[in-house]
Amino acid sequence: MPSQLAGLLLFQIALISPNAGLSGGDLLPAELGEWRAAPGSAGLEKFSAVQVNTFAQAAIQANSASRSAAADSAALSEFGFFGAQRRTYQQGHKTITVEAIRMKDSSAAYGAFTWYRQAGWREEFSVPHDPRSFQAAVGPNEAVLQRNSYCVRILGAAPNHKELARAAAVLPSMQEEPQPSLSAYLPTAGLVHASAKYAYGPQVFEHVVSQLPAMAVGFHMGAEAVAGEYHLPGKQPMTLVLVEYPTPQIARNFAKNLESVSAARNLPSPHIKRKGPLLMIVPNATVEADADHLIAQVHYAMDGMWDEKMPSFKEPTFAQMIMSIFELCGILLLFCVLSGLAYGGIRVLTRSKNQGYTFEGDADLISLHLNS
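Within any chain, residue numbers begin from 1 and follow the written order of that chain's sequence. It should be noted that, the model being predicted, local features are given only for residues of pLDDT at least 70 and side-chain atom pairs only at 80 or more, the latter also being counted only at that level, while totals for whole chains, interfaces and linings use all residues. Here the side-chain values reflect all heavy atoms present in the structure, with hydrogen atoms and water set aside.

**Q** Provide a residue-level description of empty space enclosed by the protein, including the pertinent values.
**A** Lining residues are defined by having an atom within 4 Å of a point belonging to a cavity or pocket. Those points lie on a 1 Å grid over the protein atoms alone, cavities being sets where a 1.4 Å probe fits but cannot get out and pockets being open sets with protein on both sides within 12 Å along at least five of seven lines. Grid points are joined across faces, edges and corners, and a volume is the space filled by probe spheres set on the points. By the definition in use, this model includes 1 cavity of 30 Å³ or more. Estimates place the volume of the largest cavity at around 30 Å³. Lining the largest cavity, in full, are L28, L32, V98, V152, A167, V170 and L171. Amino acids are sorted into nonpolar (Ala, Val, Leu, Ile, Met, Phe, Trp, Tyr, Cys and Pro), charged (Asp, Glu, Lys and Arg) and polar (every other residue, Gly among them). Across the lining of the largest cavity, the residue classes break down as 7 nonpolar, no polar and no charged.

What follows is the structure in structure tokens.
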């Protein structure tokens, strides 16, 4: 029994370990659908958490529209890079490179997913109730996929839905992890496909939204942001930025901070509206009415919770405390008297019913017959 409990404990530790799946096995299999690993060393490369720079610098950029290796490295480090594997696959004369990236949690993986995908890419989603749910974006010669805390890049091909599902199925992720909810508040009308970018740090935000001072947003206070590109009919292209804070008070303070810092740096004054802890910002609107129209489409509902009414407690006075003590003493005294009467009554009743009956311990009493 102890050995079984120890084995179960080790199994649970292996499941929740940050590096589980990196050191315990390969994230990328030797076969991926119709694709086979390249001969020789099978083209498998492994990168630990401290090798994020090496991983980004060695990335194949020929078929990628992503940023520089330095920018990729900074973004992955800010989100929370735990490790990665890269493998080359072949199918006939075709060759692709697949990168499986392990992030610290599902929010970090979603951030890496939005970092790598490009505006205008085709979006793919798993079918409803799929036990291996995923979301993906496919470009002309590249794709990126996210499932739980994993982000997968496919370089050199535009995979179809079936191939994306196979890539998601090989990831060693168990139960479904929650995704950031902030992107759901972006209006869908006019939103450019795959243009939403998620950030919870200044380095990614500065690259995504260059019109706003990243250091004035307040990521050190727990803010998270999402930005999307909008092309509305008859209006100039605009960028909508949503920044959510832990409390409405923090959001109000940083709304003023953004306006003052933008003015100090001679940046265009952003169009800012606040609803509770959410800031809705259009930094590049040429017409204020267009910005108001776009912000009005944001449907953000604050969830409220009613606290249960607690009974009030009044501190007793000194006189009430003394009376309570006397009441307790009276109750204890009455209990002792009733207990003694009950015990004595039982002894008397027992002796009257049974002549000559003695209770245990009566023989040990010493009697002095002083009248004899």
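**Q** Talk me through the sheet that holds strand β13 (residues 271–275); I want residue IDs and the actual numbers.
**A** Here the rule is simple: two strands pair whenever DSSP picks up at least two bridges between them. A run of H or I in DSSP becomes a helix once it reaches four residues, and a run of E becomes a strand once it reaches two; helices and strands are each numbered from the N terminus. A sheet is described by the order of its strands in space; here 5 strands give the open sequence β10-β11-β12-β14-β13, paired in antiparallel fashion. A single partner strand is all that each edge strand has here, and the edge strands are β10 (197–199) and β13. Strand after strand, the sheet turns through a mean of 15° between neighbouring axes, direction not considered. The pairing of β10 with strand β11 (residues 224–230) spans 3 bridges and is antiparallel. Across the sheet, Y198 pairs through a bridge with V226, a residue of β11. We call two residues in contact when some of their heavy atoms are within 4.5 Å. All axes are obtained by fitting lines to C-alpha atoms, using only the stretch in contact for helices, and the reported angles, taken between N-to-C directions, cover 0 to 180 degrees. Along the sheet, helix α8 (residues 288–296) makes contact with β11, β12 (238–244), β13 and β14 (278–282), crossing β13 at roughly 30°.

**Q** Explain the pattern of salt bridges to me, and be specific about the residues and the numbers.
**A** The salt bridge definition used is simple: a Lys or Arg side-chain nitrogen within 4 Å of an Asp or Glu carboxyl oxygen. This model, assessed by the stated rule, comprises 9 salt bridges. Of the charged contacts in the structure, one is a salt bridge between R117 and E123, with a shortest N-O distance of 3.6 Å. Only protein chains enter the accessibility calculation, which uses a 1.4 Å probe; a residue is then buried when its area is under 20% of its type maximum, exposed when over 50%, and partly exposed in between. With relative accessibility at 5%, the residue R117 sits in the buried group. Taking relative accessible area as the criterion, E123 reaches 31% and is therefore assigned partly exposed. Each of the salt bridges in this network shares a partner with another, and the network as a whole consists of E45, R86, E99, E142 and R153.

**Q** Tell me what's going on with helix α5 (residues 161–169), and back it up with residues and numbers.
**A** Three or more residues of α5 are buried, namely L164, A167 and A168. Here the buried residues of α5 occupy an arc of 100° about the axis, which is enough to place them on one side. Buried residues along α5 sit in contact with β1 (31–32), β6 (122–125), β7 (135–138), β8 (142–147) and β9 (150–155). For this analysis, a polar contact is any N or O atom pair within 3.5 Å, provided that within protein one partner can donate a hydrogen and the other can accept it, and provided that sequence-adjacent residues contribute only side-chain to side-chain pairs. A distance of 3.2 Å separates the backbone nitrogen of K162 from a side-chain oxygen at the start of α5, and that oxygen is part of N160. Here the arc refers to the directions that run from the helix axis out to each C-beta atom.

**Q** Could you give an account of the nonpolar core, with specific residues and numbers?
**A** Counting 49 residues, the largest nonpolar core has M103, F205, V243, Y245 and L279 as its most contacted members. Top element by residues in this core is helix α4 (residues 106–116). It accounts for 7 residues. Not counting chain neighbours up to four residues away, the residues in contact with L279 comprise V241, L242, V243, Y245, A251, F254, A255, L258, I272, K273 and R274. Only buried residues count toward a nonpolar core, which is a set of Ala, Val, Leu, Ile, Met, Phe, Trp, Tyr and Cys residues joined through side-chain atoms within 4.5 Å. Membership of the second largest hydrophobic core comes to 20 residues, among which are L28, Y89, V98 and A100.

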